[in-house]
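# Architecture and fold: a report
Listed here are the chains, written in short residue letters.
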Amino acid sequence: MDYATILTSVTGRAGLIQLNRPQQLNALNVTVMEEVATALEAFDQDERIGCIVITGNQRAFAAGADIKEMADATAVEMLLRDNIKRWDRIRQIKKPIIAAVSGYCLGGGCELAMTCDLIIASESAQFGQPEVNIGVMPGAGGTQRLTRAIGKSKAMEMVLTGRSMGAREAEQAGLVARVVPVEAYLDEALKLANEIASRPPIAVRLAKEAVNKAFETPLSDGLDYERRLFYFLFATDDQKEGMRAFVEKRPAEWHGR
Ligand code: CAA
């Protein structure tokens, strides 16, 4: 499929979505978000794909929602357009999504990265929620996801001042899984995506679901949920194959059944 603002490709079993508005530092306008959601859904449906990577370019993952697109909007227009609702489609994706981030990862860009399941950052990545500097506040999950990722005090500092943090600080704070050199961050993310894609797909899918549940429920409900999914996996051929292969000291062959 041809997109206007993103590029898509496949490396091994990893689907790659690259934001492609470099002149605008990949500012997320309605078209970008519609295309990202559509491309994610297409990869999610594609049996050849086991994991998805979203990236930008070295200078910018994305510098936020498109300010020019909303500068003159009224509150009622914003409410009726409800563009952020489109982001809920990303939450419905079953396959793991990795954000491969370099350069500016600000506002809606940081929110998009945090909507993914994990973040691989280049050494030049800068994360921030600078909305307060343009008279608003994060609107696509920043106050919720950043707080859960790095804790209240640091999230408050960032959201209330708009300051951004570098990749190392983000790693120490728990926002990103790993920091890698600028020239390697995308390859690393694709390598990791292929590693995840080499695991049994149903176990991966339910594990993702269970970890995400940790953000939605009290501990006891989350533990019950996890246990049910764990027991359910014993209904899959891959569980039988995985445990037999371990006992027989051979590599397992996954069939996603
Ligand atoms: N929206 C629209 N256009 C943007 C943009 C954005 N978020 N960020 C950058 N651009 C555009 C600039 O307008 C500029 O376009 P022109 O060449 O046509 O003037 C181009 O991208 C390059 O940007 P700069 O010249 O500003 O580049 P710089 O290197 O001097 O600065 C920057 C880089 C510090 C990231 C700066 O561009 C910046 O501060 N951007 C805005 C960051 C921001 O406030 N993001 C939050 C947006 S609101 C939001 O995201 C709401 C939400 O929660 C959903």
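As a starting point, this report considers the structure included with it. (Residues numbered from 1 in each chain as written. Predicted model: local features only at pLDDT ≥ 70, side-chain atom pairs only at ≥ 80, totals over all residues. Heavy atoms only, no water.)

## Notes on the site of the ligand
Of all residues adjacent to the ligand, which total 23 residues, the nearest are Arg-59, Ile-67, Gly-108, Glu-111 and Glu-131. With respect to the ligand, the backbone of Gln-23 contributes an N or O atom lying 3.4 Å from an oxygen atom. At three residues, helix α2 (residues 67-70) tops the list of elements feeding residues into the shell around the ligand. Looking at the shell around the ligand, its residues break down into twelve nonpolar, six polar and five charged. (Near = heavy atom within 4 Å. Polar contact = N/O pair within 3.5 Å; in protein donor to acceptor, adjacent residues only side chain to side chain. Helix = DSSP H or I, 4+ residues; strand = E, 2+ residues; numbered from the N terminus. Nonpolar A, V, L, I, M, F, W, Y, C, P; charged D, E, K, R; others polar.)

## Examining the sheet that holds strand β7 (residues 118-122)
Strand pairing in a sheet relies on backbone hydrogen bonds, with the paired strands running either antiparallel or parallel. With respect to topology, six strands assemble into an open sheet ordered β1-β2-β3-β5-β7-β10, the strand pairing being mixed. In this open sheet, the two strands that pair with only one neighbour each are β1 (6-11) and β10 (178-180). In this sheet, adjacent strand axes meet at a mean angle of 20° when their direction is disregarded. Where β7 meets β10, three bridges bridge the pair, whose relative direction is parallel. When the sheet's bridge partners are listed, Ala-121 is paired in β10 with Val-179. On the sheet, helix α9 (residues 185-197) packs against β1, β2 (14-19), β3 (51-55), β5 (97-101), β7 and β10 and is oriented at approximately 165° with respect to β3. (Pairing = 2+ DSSP bridges. Axes fitted to C-alpha atoms, helices over the stretch in contact; angles between N-to-C directions. Contact = heavy atoms within 4.5 Å.)

## Points about the environment of Tyr-225
Its place among the elements puts Tyr-225 in helix α11 (residues 219-232). With 54 residues separating them in the primary sequence, Tyr-225 and Glu-171 have C-alpha atoms 29 Å apart. For Tyr-225, the contacting residues outside a window of four places in its chain are Glu-209, Ala-210 and Lys-213.

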